[in-house]
Amino acid sequence: MKKVIILLVAAFFAVAGASAQQSNAIGLRGSYSCLWIDGWSGEISYQHSFGVHQRLEADLALSTQTGNLTCLYQYKGKILPGFSWYAGLGVMGGYATNARLYDKDDLRYTTQLYAFLAAQVGLEYQFPTLPLQVSLDYRPHFDFSPNTPVMHPDFGLSVRWTF
């Protein structure tokens, strides 16, 4: 019985130590995209760690004309203390509303749904004394629909609070 208790206590501290290395983050990602509207957009960004090197990132962007959700599985590696690189794959889905003037008084709106494959590579810095993370990334979206460009480039800057 004594050995079982010692084993359970050791397992508890091992799990507690492993989960202490994990960190989640929430913040904002600003990006320049050539997706539907060429220009800047903002996203609410959340990262959930599954360990030291693996995490899931989910980004939600909403505006009056477009909205999308991007989910990426990422692998993270260390470069220097505080500096890391990451790369990942995932999916992106959303909608785009376009207005077209057919006649003088005939304005029609059409909404199109879309789904893309997404990839991402980036660099991030975790401040050692603050719960703050800053990252730069490149996220191309790959569209396989007819009559559309195959790749949509997207460059982003993120600021996240880690917890």
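Residues numbered from 1 in each chain as written. Predicted model: local features only at pLDDT ≥ 70, side-chain atom pairs only at ≥ 80, totals over all residues. Heavy atoms only, no water.

Digging into the overall build of the chain
Part 1 of the reasoning: What the chain contains, in helices and strands, is one helix and 10 strands.
Part 2 of the reasoning: When the helices and strands of the chain are listed from N to C terminus, the series reads α-β-β-β-β-β-β-β-β-β-β.
Part 3 of the reasoning: Counting all 163 residues of the chain, 31% fall into the buried class.
Part 4 of the reasoning: Long-range pairs, those at least 24 residues apart, make up 45% of the contacts in the chain with a sequence separation of at least 6.
Part 5 of the reasoning: As displayed, the chain offers around 10,500 Å² of accessible surface, 70% of which is attributable to carbon and sulfur atoms. (Helix = DSSP H or I, 4+ residues; strand = E, 2+ residues; numbered from the N terminus. Buried < 20%, exposed > 50% of the residue type's maximum accessible area, 1.4 Å probe, protein only. Contact = heavy atoms within 4.5 Å. Areas by Shrake-Rupley, 256 points an atom, 1.4 Å probe, with all protein chains shown as cover.)

Some thoughts on the side chain of Asp137
Part 1 of the reasoning: Structurally, the position occupied by Asp137 is in strand S7 (residues 132-138).
Part 2 of the reasoning: Of the residues examined, Asp137 reaches a relative accessible area of 7% and is grouped as buried.

Thoughts on the pattern of salt bridges
Part 1 of the reasoning: On inspection of all chains with the given rule, the structure shows nine salt bridges.
Part 2 of the reasoning: Note that Arg55 is salt-bridged to Glu124, the shortest N-O span being 3.0 Å. One end of the pair, Arg55, is in strand S3 (residues 54-62); the other, Glu124, is in strand S6 (residues 106-126), with 69 residues separating them in the sequence.
Part 3 of the reasoning: Taking the relative accessible area as the measure of exposure, Arg55 reaches 3% and is therefore buried. (Salt bridge = Lys/Arg side-chain N within 4 Å of Asp/Glu carboxyl O.)

Comments concerning the pairing of strand S4 (residues 66-80)
Part 1 of the reasoning: As judged from the nine bridges shared by S3 and S4, these two strands associate in the antiparallel manner. When the sheet's bridge partners are listed, Gln54 is paired in S4 with Tyr75.
Part 2 of the reasoning: Adjacent in sequence and paired antiparallel, S3 and S4 are bridged by three residues. (Pairing = 2+ DSSP bridges.)

Quick look at the environment of Asp59
Part 1 of the reasoning: Topologically, Asp59 is positioned in strand S3.
Part 2 of the reasoning: Residues Asp59 and Ile26, spaced 33 residues apart in sequence, show a C-alpha to C-alpha distance of 9.7 Å.
Part 3 of the reasoning: For Asp59, the side chain forms a polar contact with the side chain of Ser45, separated by 2.6 Å.
Part 4 of the reasoning: Within the structure, Asp59 has its side chain in polar contact with the side chain of Arg139 (distance 2.4 Å). (Polar contact = N/O pair within 3.5 Å; in protein donor to acceptor, adjacent residues only side chain to side chain.)

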